[in-house]
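# Commentary on secondary and tertiary structure
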Amino acid sequence: MVATMVRHATGTGVAWLMCVAEGLLGYLALFTFALFTPGSDQGGPLAGPVMVLGAALLGAVLVPLAVAPAVAIGEATLARRGASARTLAACGTAALLVGLYAAGIAAATGATVASAALGWLLTTVFVLCPVVAYAGVVRGARAVTGRLARHSGSDPSAPVTSPPQSPGDREDPVTGSRPATDLVPADVPAEQLTHNILNGVTGGIWHTRHDGRPAVLKLLTPPGRPGPAHWAGSDEPGHWNYWRREVEAYRSGLAAAAYADAGLAAPTALAVDDRPDGSVALWLPEVTGRPGIACTPADLGEVAVRLGAGHARWLGDPEARELAGGGRPPNWLARDWLRDYTLSRPVAAPVPWEHPVAVAAWPRPLRDALRVLWERRHDVLAATDRLPRTLCHHDCWPMNLVFAADGPVLLDWSGVGPGPVGEDAANLVLDTFLDGLVDVALLDEVAATVLDRYAEGLHGAVAPEEVARAVRLTGAAKYFWLAPMMLGRLGRSAISGTYDARDEAEMMAGRRPVLELLARWAAEPWD
């Protein structure tokens, strides 16, 4: 909320300065006209200051009464559209507000319709530049905040509990900005990368060097690290957050082989080091290319078609027995990731569906649909059990994708295991937009593209109509908890974790289109 206030205060100041500048430019234009027009009056020495002062006073009235509300309305009503559409909506709203004010003044003073119309036209022209400036400042400041948060890998409002540090423990590999010197010497660069700092399994991720070559170091920590209970690691191999799963996925070759034939690659581990403190250092090669959050709908469609082909391979072997020579499947695969993860999300009862913030941000039909989904969460999970099973990644979203020259590369194999067909594709659609990392105006295009290309990749192994139903059903199952958890945290603590840099109001508005899609998916027949 503080960040929003600062952005809008800055926008207000810039819009007012734009009004002052318009007064100055107006005076200079009239002065130039008078200078080159014989017989014209240049207005005297006070003409300029008077005109600028008038513009400043007019701006002081119009910015709070027309400019600020117009921008707020434009941003809220067209949240799913691009920046240009929202700016045009703000300009139109400002013109409407000015018209209402002009009509009210004319009615109170008895002014003619012609003079009121002229006043409306001139004032509308006067406020358009301040509206554009205000919208640009607010939107630009929000983007900068998001980039800084993603670059630093932390959200200062996130409820994180860190282990205590003693003066002699300043290079603690779990909490420090650098890894311990036995992993990366002090003279070797190490840049901390964005990751879920709430997850008790991840002690840190750094871009650094290994044996003289660029590399990524991921430190995995055993259970017991302080933090939120719903992100705690587990020693149980089948648990959704088994702390050694990613190590095993790389050591066994599963990560590299899972979808390789379909053209969806994974890094090959450079080294795996078991450390004396029980943690494991996983060294991975640097993957160069466009980051996932710079994706286009076509990019995500390409991921989806390869994902579909990869899933088709494992439809008869969701536990990857093939990699064990047809014998006993790996015991470290996530046993029932979708059910275990979603039912572990902390939702306090009763859910405040009529919270004033929720009522203002989400219309009743949406809240009612999300309420029904929450109340039927066990039913929707049971429905996913009846879908064909395959080997799922379970965390396919832009932050785990790099678009390399040879094709997309899929990172973070910590959740791999059997799951329903469609689940990874559903997550690719929804999670692309939930944290505000990709413009939500692309949501509908991405949803259509991913569903079509995913079915294409399955090559008829699952009927297209069944594929569409599976994606919608697993999407509803994956996020039935999200709205209730958000509402339970309103006004009390951060409602997101690491990646989303928006404040409460912006997040409620920004996630609305995604939740509307989720509600539409949940309304489709489950069987």
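Let me sum up the structure you'll find in this document. (Residues numbered from 1 in each chain as written. Predicted model: local features only at pLDDT ≥ 70, side-chain atom pairs only at ≥ 80, totals over all residues. Heavy atoms only, no water.)

## Points about the nonpolar core
The biggest cluster of nonpolar side chains holds 99 residues, and the ones touching the most others in it are W362, W413 and Y454. The element contributing the most residues to this core is helix α16 (residues 504-523), with nine residues. Non-local contacts of W362, meaning those with residues more than four positions away in its chain, are made with R367, L370, A483, M486, L487, M508, R512 and L515. Membership of the second largest hydrophobic core comes to 21 residues, among which are A55, V98, V127 and Y134. (Core = buried A, V, L, I, M, F, W, Y, C linked by side-chain atoms within 4.5 Å. Buried < 20%, exposed > 50% of the residue type's maximum accessible area, 1.4 Å probe, protein only. Helix = DSSP H or I, 4+ residues; strand = E, 2+ residues; numbered from the N terminus. Contact = heavy atoms within 4.5 Å.)

## Observations regarding a nonpolar patch on the surface
Taken together, the side chains of V61, L65, L96, L100 and Y101 define a hydrophobic patch exposed on the protein surface, amounting to about 470 Å² of accessible area. Mapped by element, the contributors of at least two residues to the nonpolar patch are α2 (47-77) and α3 (83-109). No other element matches the three residues that α3 contributes to the nonpolar patch. For L65, a relative accessible area of 43% translates into the label partly exposed. (Patch = residues over 30% accessible without salt bridge, like charges linked within 9 Å, V, L, I, M, F, W, Y side chains within 5 Å. Areas by Shrake-Rupley, 256 points an atom, 1.4 Å probe, with all protein chains shown as cover. Salt bridge = Lys/Arg side-chain N within 4 Å of Asp/Glu carboxyl O.)

## What to know about the packing of helix α12 (residues 423-434) against α16
Where α12 contacts α16, the two axes come as close as 8 Å, and the packing angle between them is 155°. Of the possible angle classes, the one that applies to α12 and α16 is roughly antiparallel. As α12 packs across α16, the resulting crossing turns out to be left-handed. Of α16, the residues touching α12 (which contributes A426, V429, L430, F433 and L434) are R511, V514, L517, L518 and W521. Here the contact of α12 with α16 is built from residues that sort into nine nonpolar, no polar and one charged. (Axes fitted to C-alpha atoms, helices over the stretch in contact; angles between N-to-C directions. Parallel < 35°, antiparallel > 145°, perpendicular 65-115°, else oblique. Left-handed = near helix turned anticlockwise from the far one by under 90°. Nonpolar A, V, L, I, M, F, W, Y, C, P; charged D, E, K, R; others polar.)

## Describing unusual backbone geometry
Cis geometry is adopted by the peptide bond preceding P350, which originates at A349 and carries an omega value of -5°. Within the fold, P350 resides in the loop between α8 (337-343) and α9 (356-361). The backbone of D211 shows a phi angle near 55°, a positive value even though the residue is not glycine. By the element assignment, D211 lies in the loop between β2 (202-210) and β3 (213-220). On the basis of relative accessible area, D211 is assigned to the exposed category, the value being 73%. Even without a glycine there, the phi angle at D412 is positive, about 60°. Looking at the element boundaries, D412 is found in the loop between β9 (407-410) and β10 (417-420). In this structure D412 comes out as buried when scored by relative accessible area, which is 18%.

## Regarding the packing of aromatic side chains
For the structure on display, the rule yields ten aromatic pairs. Between W231 and W240 the ring centres are 5.6 Å apart and the planes differ by 65°, which places this aromatic pair in the edge-to-face class. Side by side, W231 and W240 carry an identical accessibility label, which is buried. Ring geometry for Y341 versus W481: centroids 6.1 Å apart, planes at 80°, classification edge-to-face. Here Y341, found in helix α8, pairs with W481, found in the loop between α14 (464-478) and α15 (482-488); they are 140 residues apart in sequence, far enough to count as distant. What makes Y341 buried here is its relative accessible area of 9%. Overall, the relative accessible area of 6% leaves W481 in the buried class. The ring of W243 has R244 sitting right over it, with the charged end atom 5.3 Å from the ring centre. When the ring centre of W374 is taken as origin, the NZ or CZ atom of R377, which lies over that ring, is 3.8 Å away. (Phe/Tyr/Trp six-rings, centres within 6.5 Å; stacked < 30°, edge-to-face > 60°. Lys NZ or Arg CZ within 6 Å of the ring centre and 35° of its normal.)

## Structural notes on the sheet that holds β9
Taken together, the three strands give an open sheet; going across it, the order is β6-β8-β9, and neighbouring strands pair in antiparallel fashion. Whereas interior strands pair on both sides, the edge strands pair on one side only; in this sheet they are β6 (290-291) and β9. Where β6 and strand β8 (residues 401-404) come together, two bridges link them in antiparallel fashion. Opposite P291, over in β8, you have V402 as the bridge partner. (Pairing = 2+ DSSP bridges.)

## Observations regarding the pattern of salt bridges
Inspection of the entire model under this criterion finds 29 salt bridges. In this structure, the salt-bridge partner of R339 is D336, at a minimum N-O distance of 2.9 Å. Residues E456 and R453 are paired through a salt bridge, measuring 3.0 Å at the closest nitrogen-oxygen approach. Remark: R453 and E456 occur in helix α13 (residues 443-458); sequence separation between them is three residues, near one turn of the helix. Salt bridges linked by common partners bring E354, R364, R367, D368 and R371 together as one network.

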